[in-house]
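Here's the letter readout for the chains.
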Amino acid sequence: VQLQASGGGLVQAGGSLRLSCAASGSTFSSYSMAWYRQAPGKQREWVATIGSDGDTSYKDPVKGRFTISRDNAKNTVYLQMTSLKPEDTAVYYCNAWIATMRGPLHYWGQGTLVTVSS
């Protein structure tokens with residue numbers, strides 16, 4: 001699976017952005033998809049997940065502000081971000097994973113930079 005993230009940019013605090021992650025391959029719908037982010041000088045952290053069944057989960061600080069969704073027909077996962085805060089500034093990465101008999105198999109896309117100005 002190859003993942004291509006896009007949609008990052010510079011936005012003022014309180015603004016919105018939508019990130020997209022396009023995946024290659026015909027088995028996209030079988031994968032759980034997630035977004036992670038890495039702020040300058042910090043470790044990469046999980047942000048949100050959407051399962052193959054459509055169930056979603058979010059990191060507490062983004063609950064109510066971010067929405068993860070997927071379009072299996074387009075092999076794409078989205079992260080709609082609203083009410084952005086300066087602390088949301090980070091490189092955002094998409095992740096695809098699937099359980100296998102040998103353990104979970106993860107794929108990562110390149111990051112897309114989100115900068116929120118105060």
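Residues numbered from 1 in each chain as written. Predicted model: local features only at pLDDT ≥ 70, side-chain atom pairs only at ≥ 80, totals over all residues. Heavy atoms only, no water.

### Quick look at the side chain of Asp-88
Thought 1: Take Asp-88: it is sitting in the loop between β8 (76-81) and β9 (90-100).
Thought 2: Among residues more than four places away in sequence, those in contact with Asp-88 are Arg-37, Arg-65, Phe-66, Ser-83, Val-114 and Val-116. (Helix = DSSP H or I, 4+ residues; strand = E, 2+ residues; numbered from the N terminus. Contact = heavy atoms within 4.5 Å.)

### Some words on the state of the cysteines
Thought 1: Taken as a whole, this structure holds one disulfide when the rule is applied.
Thought 2: In this model Cys-21 forms its disulfide with Cys-94; the gap between the sulfur atoms is 2.0 Å. Sign of the S-S torsion, about 50° for the bond between Cys-21 and Cys-94, identifies this disulfide as right-handed. Placement of the pair is Cys-21 in strand β3 (residues 17-23) and Cys-94 in strand β9, with a sequence separation of 73 residues.
Thought 3: For Cys-21, a relative accessible area of 0% puts it in the buried group.
Thought 4: The exposure class of Cys-94 is buried, given its relative accessible area of 0%. (Disulfide = S-S within 2.5 Å. Buried < 20%, exposed > 50% of the residue type's maximum accessible area, 1.4 Å probe, protein only.)

### A few points about the pattern of salt bridges
Thought 1: Inspection of every chain in the model, using the stated rule, returns five salt bridges.
Thought 2: Measuring nitrogen to oxygen at the nearest pair gives 2.7 Å for the salt bridge that ties Glu-45 to Arg-37.
Thought 3: By relative accessible area, Arg-37 is classed as buried at 6%.
Thought 4: For Asp-88, the salt bridge is made with Arg-65, and the minimal N-O distance between the two is 2.7 Å. With Asp-88 in the loop between β8 and β9 and Arg-65 in the loop between β6 (56-58) and β7 (66-71), this residue pair connects regions lying 23 residues apart in the sequence.
Thought 5: Owing to a relative accessible area of 1%, Asp-88 belongs among the buried residues under this scheme.
Thought 6: Each of Arg-37, Glu-45, Lys-59, Arg-65 and Asp-88 takes part in salt bridges that share partners, so that together they form one network. (Salt bridge = Lys/Arg side-chain N within 4 Å of Asp/Glu carboxyl O.)

### Some remarks on the sheet that holds strand β1 (residues 3-6)
Strand pairing in a sheet is mediated by backbone hydrogen bonds. Such pairs are either parallel or antiparallel.
Thought 1: One open sheet accounts for four strands, arranged β1-β3-β8-β7; its pairing is antiparallel. For this open sheet the edge positions go to β1 and β7, each flanked by a neighbour on one side alone. Recorded for the sheet is a direction-independent mean angle of 15° between the axes of neighbouring strands.
Thought 2: Pairing between β7 and β8: six bridges, direction antiparallel. Each residue of the ladder has a partner; that of Thr-67, found in β8, is Gln-80. (Pairing = 2+ DSSP bridges. Axes fitted to C-alpha atoms, helices over the stretch in contact; angles between N-to-C directions.)

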